[in-house]
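Now for the letters of each chain:
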Number of protein chains: 2
Amino acid sequence: MRFKLLRVDLTNLSTKVDELNGGIIRRYVGGRGLGAYLALKEIPKGADPFGPDNKVYILTGPLVGTASVESGRYHVVAKSPLTGILGDANSGGQFGPWLRFSGYDGIVLEGKSEEPVWISIVNGEVKFHDAKKLWGKGVFHTEKIIRDEMGIHDESIGSILSVGPAAENLSRISAVMNDKYRAAGRTGLASVIASKGVKAIWAYGNRKPTEELYDRKGFFDEAKKVIEKIRNHDISKALYQFGTAVLVNIINEHGAFPTKNWQQGTFDDAYEISGEKLADTYLKARKGCWGCVILCSRVSEVEEGPFMTPLSEGPEYETIWANGGSTMISDLAALVKANYLMNDMGFDTISFGATVGTLMELYERALKGELPEDKARELIELAKDVNPTWGNAHALLQLIWMTAYRNRIGDYVAEGAKRLAEYFGYPDAAVHVRGMELPAYDPRGINSMSLSYATSNRGGCHLRAYSVSFDVLGVPKKFDPLGVDEEKVELVKMQQDYFAFIDSVIVCKFNTFSTGPEDYIGLMKTGLGWEDYTVQELLETGERIYNLERLFAVREGYGYQDRLPKRLVEVSLPDGPAKGKTSKEALEKYLPIYYDIRGWSDGKPLPDTLDRLGLEEFKYIIS
Amino acid sequence: MRFKLLRVDLTNLSTKVDELNGGIIRRYVGGRGLGAYLALKEIPKGADPFGPDNKVYILTGPLVGTASVESGRYHVVAKSPLTGILGDANSGGQFGPWLRFSGYDGIVLEGKSEEPVWISIVNGEVKFHDAKKLWGKGVFHTEKIIRDEMGIHDESIGSILSVGPAAENLSRISAVMNDKYRAAGRTGLASVIASKGVKAIWAYGNRKPTEELYDRKGFFDEAKKVIEKIRNHDISKALYQFGTAVLVNIINEHGAFPTKNWQQGTFDDAYEISGEKLADTYLKARKGCWGCVILCSRVSEVEEGPFMTPLSEGPEYETIWANGGSTMISDLAALVKANYLMNDMGFDTISFGATVGTLMELYERALKGELPEDKARELIELAKDVNPTWGNAHALLQLIWMTAYRNRIGDYVAEGAKRLAEYFGYPDAAVHVRGMELPAYDPRGINSMSLSYATSNRGGCHLRAYSVSFDVLGVPKKFDPLGVDEEKVELVKMQQDYFAFIDSVIVCKFNTFSTGPEDYIGLMKTGLGWEDYTVQELLETGERIYNLERLFAVREGYGYQDRLPKRLVEVSLPDGPAKGKTSKEALEKYLPIYYDIRGWSDGKPLPDTLDRLGLEEFKYIIS
């Protein structure tokens, strides 16, 4: 396979095309892996995330848009303004396939345009359009105007990637949006796109990636087998039935549903914001991304009342948790509305809700006199009109507007939880790893997550290793989530490597509940002609990617240390099944073992490890 | 008196000072009059309101900041983006006096800056500051940042004029804001300021205008007499007790409270949004502008609930009507909140609420199939997430954000009622004169207002002639509001001229309930040394100003015709004391008489009139 990479020079509004050779693809596959490799080579050490030196890689992978299942995804990679190290995020919908259909397998945004532009790509032809009229507009309005201009109103034809006002105003918790409701959410990369003056990308064309496969018939046979596995798995069925929010009750019952900004492990009103409740109330339809058989996406509508929301996609589990559990908002209609508005403004709904939870804690402490006096006064002055108190849904909704446009307290929320809490003099209120807000699983109640979080290369994240799958869901086998078990370390490491491949090839991670690395060997052989491909090579590829990402942090000189926030290691849970637990014991046990099997020392890859993975060219970073 | 005019060239970020001679001041006084004169001389015919050729005059008058009462005002004049003719508006608070204290009597903003700036004026010294960080921010946050920078946090010291996001995004219904809650609201001039790249002006200094008076002791004696008259008048007392919203019940009882976007003359829930109700609920204090003895301003707070609003000024009668009566929103807490947000975003609360009322009517008609099909479809698509239905307070609040930032339907609301209704194919839903939304008095129920509105030079406005004062309040004497009486014409014309002087000198129009032109003669004699000043000269000065304004429209070739919208002349009121009435009869009776006493023909001044008023230099416009 050849990977056609469109390089867009925003400074000069010019383009060129790089064709990457098969060797690079075999080593880095595409998506996340290829992005990490190119970013480490091309983004200079110390680059300002919002400066012209940063680059944004918007990449598909060799399976995207083919007859493989769940292959409707793309990956975004750049230096993150939230973490200061390599950032990346992944999104579904249909933009990934349409990007390939348009003639390119990936785009690199380089430099910086003086005036805002949007870019159309139609059958290989690239055009720059004036985006002054789009600047300041939400994602939905942006898509409408572009579709009006392109004359294509059928939303299944062509696809738009865009950034919202959050990104334009350089929020560190913005999300790259596509197909209205889809987000490459984490690490704030939309703001990097906006900093380059790019508002949107329209992708459309007639190229058929399936026709470029090595052995099309063989590939179809392999794909069918995988599809059946996925379709018939219980977790796939649960995701169809209740969406990702099926997890609300499950995680709450494990005492690992972070509530009141990680001050509790259970939320009394969890059922009120659960997938089951959603299915009984605002759910109007189920939907999937391009080529999906699971259909986990929700289509919801709130028909009346203060939180009236038109038919729209979501909300997801993480969104519900961050904006509900973390803030103690138990009104599901408000969360549907908040999700809608966050999508329109282009926020990472996890980081946004988690930062609001942090704000609520800070505000409470300000009123109680637990912040430095001058900071308390300033916080109250800036936030009193929003009144960010626990459970206040109206505060949440106002904060979406105020944060998108950086008005008053929103100016500080836009910076994310870590900077917010530091500014107001109470850093421990921000529960983050490497500056990124943790998602919806308390590692004090699911102890494998302590290792998953601490070692996640992009900061606090459940998608590098989703060890919830074995500690809670029993995939591939069930563990005691509170039991310290060395075997978990091996599984976390394996997931990290496997998922790095999954994010590069690219398919949906929900495949991994029902499939393993072995299920992709046939697809790679038939699809790409890698006749000698093995599970070992696949996992080694993932490991190579994982090390590349880590090297980026090592080179920056920070962000490679594997730590959890104080609240999780020093403060025990006051409630629920994990009452009295901290993450200290598990993490102290797991981390040395993890370093050992990774071939790392204190978070840094050892020379032998880089040699083994063929990363000699990057050894300068650790020497 | 000499009038020190600071000319600010934004293109070159330079300044110069013009000293206007006493002759010009005696002819045009200051404020509105001087602005009209300078604008007509300096703004070229056909200038783009948002182009560098337009100029913004921010002017005080000779009584501003003196020991005269109610003299805490300033006037803004420029070509209006809402009406396309001369726009002007007037605001209280303390900016006017502080501008004089800073060393200047007025400012002219000329040209256009590439980068946003804010301007500080301290004891005559002018500095330009980078305003990139302020751009996008609301008025309250802008004031906070500037005060932080100037190191003056006592809000009674120094004063800030600023524009909000509404103006930055060139809404045609934006308001020039000062002292957080004060607005030079009408005709959208804030957007002209923003179009020049100016975000704010800080004024501070030690100059004492009182010390520059001709005969200080004599002036104090004269002022005392006027103060006593004002303080002791019943209307002054009612304004203190219930604020301007004391009018809600009064006007509603006259069947002239425009309800449901002028489709009714009474609102069943009027009491719920009245000044009396406000005094019983959210009112926490009363406040006045600089040097005021009336204290009509409300200080309100909503302590809890969805519309929780911190201590802040307002709402006024017009705000309550436009956002309440016009939209049928009867929740006073929602109106307090809406007022707060409109101030922060920098909207003309009259035009904003009136445009929302228009939107609600259009939306209802779209759903009923009464709009052109494609327009109905587009409107529903753009507005369904807001659900702008009668009485929906949550729609109103969302629209403030969406309009400020021009998102979805807000992009159209930002253009004002006339353009909104025209775009969606139902122009009659916009009740306006010269493109400006009418305020809170239905002329079908108060028939003198038909003439006041139709002949108002700045478009639909109650402040050129407030004939409500005689038709309803009995000042100077009571008329039957439904009776067609020729005497009203003379009174409307006299008010227009007198008010033009009041807006130029400048004092608060609320003085005019208790004082007449004769009360200002002594002040002008002692204050400015105009020993031979007479009531006749005062009124002739006002007439001169009124003709100047009209000439601006004549020169532009439109906006001089005196018409009322169809709904008021062709559709009769369906309810209340004025049931069955239209404005047709009264206007047809009044207008010819009015033209006769004005010396106008079909809206245009006749040559003799210009000769009589000493406006020979502008005769080229009518020839």
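The model shown is predicted, which means the values in this text are computed figures rather than measured ones. (Residues numbered from 1 in each chain as written. Chains lettered and ligands numbered in written order. Predicted model: local features only at pLDDT ≥ 70, side-chain atom pairs only at ≥ 80, totals over all residues. Heavy atoms only, no water.)

Asker: Please clarify how the sheet that holds strand β3 (residues 56-59) of chain B should be interpreted in this entry.
Answerer: Pairing between the strands of a sheet comes from backbone hydrogen bonds, and it takes one of two forms, parallel or antiparallel. Residue and element names in this part refer to chain B. Spatially, the six strands line up as an open sheet ordered β2-β1-β6-β3-β4-β5, and their pairing is mixed. Looking along the sheet, the strands with just one partner apiece sit at the ends: β2 (14-20) and β5 (86-91). Sheet twist, expressed as the average angle between the axes of neighbouring strands with direction ignored, equals 15°. Sheet topology note: the β3/strand β4 (residues 74-79) ladder contains three bridges and is antiparallel. For L59, the partnering residue across the bridge sits in β4 and is H75. (Pairing = 2+ DSSP bridges. Helix = DSSP H or I, 4+ residues; strand = E, 2+ residues; numbered from the N terminus. Axes fitted to C-alpha atoms, helices over the stretch in contact; angles between N-to-C directions.)

Asker: For this particular structure, what's the right way to read the pattern of salt bridges?
Answerer: A side chain of one charge can pair with a side chain of the opposite charge when the charged atoms of the two come close. All names here are of chain B. Evaluation of the coordinates by the stated rule reveals 121 salt bridges over all chains. Across the pair E617 and K41 runs a salt bridge whose closest N-O atoms are separated by 3.2 Å. Highlighted residues: E617 in the segment after α25 (607-612) and K41 in helix α2 (residues 31-42), separated in sequence by 576 residues. Residues K217 and D221 are paired through a salt bridge, measuring 2.9 Å at the closest nitrogen-oxygen approach. In this pair, K217 and D221 are both assigned in helix α7 (residues 216-232), four residues apart and thus about one turn of the helix distant. (Salt bridge = Lys/Arg side-chain N within 4 Å of Asp/Glu carboxyl O.)

Asker: Quick question: what am I supposed to make of the side chain of S452 of chain A here?
Answerer: All names here are of chain A. As for its placement among the helices and strands, S452 is situated in helix α18 (residues 448-454). Judged by its relative accessible area of 0%, S452 is buried. Polar contacts involving the side chain of S452 include one to the side chain of S467, which spans 2.9 Å. Those residues in contact with S452 that lie beyond four places of it in its chain are C461, A465, S467, V492 and Q496. (Buried < 20%, exposed > 50% of the residue type's maximum accessible area, 1.4 Å probe, protein only. Polar contact = N/O pair within 3.5 Å; in protein donor to acceptor, adjacent residues only side chain to side chain. Contact = heavy atoms within 4.5 Å.)

Asker: Teacher, can you tell me more about the relation of the copies chain A and chain B here?
Answerer: To go from the first copy of the chain to the second, apply a rotation about an axis and then a shift along the same axis. With an axial shift of 0.0 Å and an RMSD of 0.0 Å, the rotation relating chain A to chain B amounts to 180°. Such a combination of rotation and displacement between the chain copies is what one expects of a two-fold axis. By C-alpha distance to the rotation axis, the residue of chain A lying nearest is W401 of chain A, at 3.5 Å. Comparing contact sets, 100% of the residues at the interface of chain A also lie at the interface in chain B, consistent with an isologous, same-surface contact. (Least-squares fit on C-alpha atoms with pLDDT ≥ 70 in both.)

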